[in-house]
Amino acid sequence: MTTVTYNVPAIHCGHCTHTIEMEVGELQGVQSVKAEEATKKVVITFDAPADEAKIKALLAEINYPAEGLLTL
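Attention in this report is confined to the structure presented alongside it. (Residues numbered from 1 in each chain as written. Predicted model: local features only at pLDDT ≥ 70, side-chain atom pairs only at ≥ 80, totals over all residues. Heavy atoms only, no water.)

### Some details on the pairing of strand β3 (residues 41–46)
Stage number 1. For strand β1 (residues 2–7) and β3, the ladder comprises 6 bridges, and the chain directions are antiparallel. Along β3, the bridge assignment pairs Thr-2 with Phe-46.
Stage number 2. As paired strands, strand β2 (residues 30–36) and β3 are joined by 6 bridges and run antiparallel to one another. Directly across from Lys-34, in β3, lies its bridge partner Val-43.
Stage number 3. Where β2 folds back onto β3 in an antiparallel hairpin, the turn is made up of 4 residues, including Lys-40, whose phi is positive at roughly 60 degrees. (Pairing = 2+ DSSP bridges. Helix = DSSP H or I, 4+ residues; strand = E, 2+ residues; numbered from the N terminus.)

### As for unusual backbone geometry
Stage number 1. Residue Pro-49 is reached from Ala-48 by a cis peptide bond, and omega for that bond is 15 degrees.
Stage number 2. For Pro-49, the position within the fold is in the loop between β3 and α2 (52–61).
Stage number 3. Unlike most non-glycine residues, Lys-40 shows phi in positive territory, near 60 degrees.
Stage number 4. Among the structural elements, Lys-40 can be located in the loop between β2 and β3.
Stage number 5. Overall, Lys-40 belongs to the partly exposed group, its relative accessible area being 27%.
Stage number 6. Unlike most non-glycine residues, Asn-63 shows phi in positive territory, near 70 degrees.
Stage number 7. Inspection of the secondary structure puts Asn-63 in the loop between α2 and β4 (69–71). (Buried < 20%, exposed > 50% of the residue type's maximum accessible area, 1.4 Å probe, protein only.)

### Digging into the nonpolar core
Stage number 1. Judged by nonpolar contacts, the single largest core of 20 residues is most densely connected at Tyr-6, Val-8, Ile-20, Val-24, Val-42, Ile-44 and Leu-59.
Stage number 2. For this core, the secondary-structure elements that each account for two or more residues are β1, α1 (14–25), β2, β3 and α2.
Stage number 3. With residues up to four places along the chain from it excluded, the contact list for Val-24 reads Val-30, Val-33, Ile-44, Leu-58 and Leu-59. (Core = buried A, V, L, I, M, F, W, Y, C linked by side-chain atoms within 4.5 Å. Contact = heavy atoms within 4.5 Å.)

What follows is the structure, given as structure tokens:
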């Protein structure tokens, strides 16, 4: 299991956090997603078949691009 934290500056409200948590949470292999409005960070725990490339691509697709991996 892998846990990553991304900086996502596009998070501005509760709707943003809800959208990220719902969309990313539907990826196969994702165990948990926590988006935080105050810090503009998203913490994701996942296993295969999910991977960083799929997660980052989905975030960009839903208009919340990750601007950097903070932890791995």
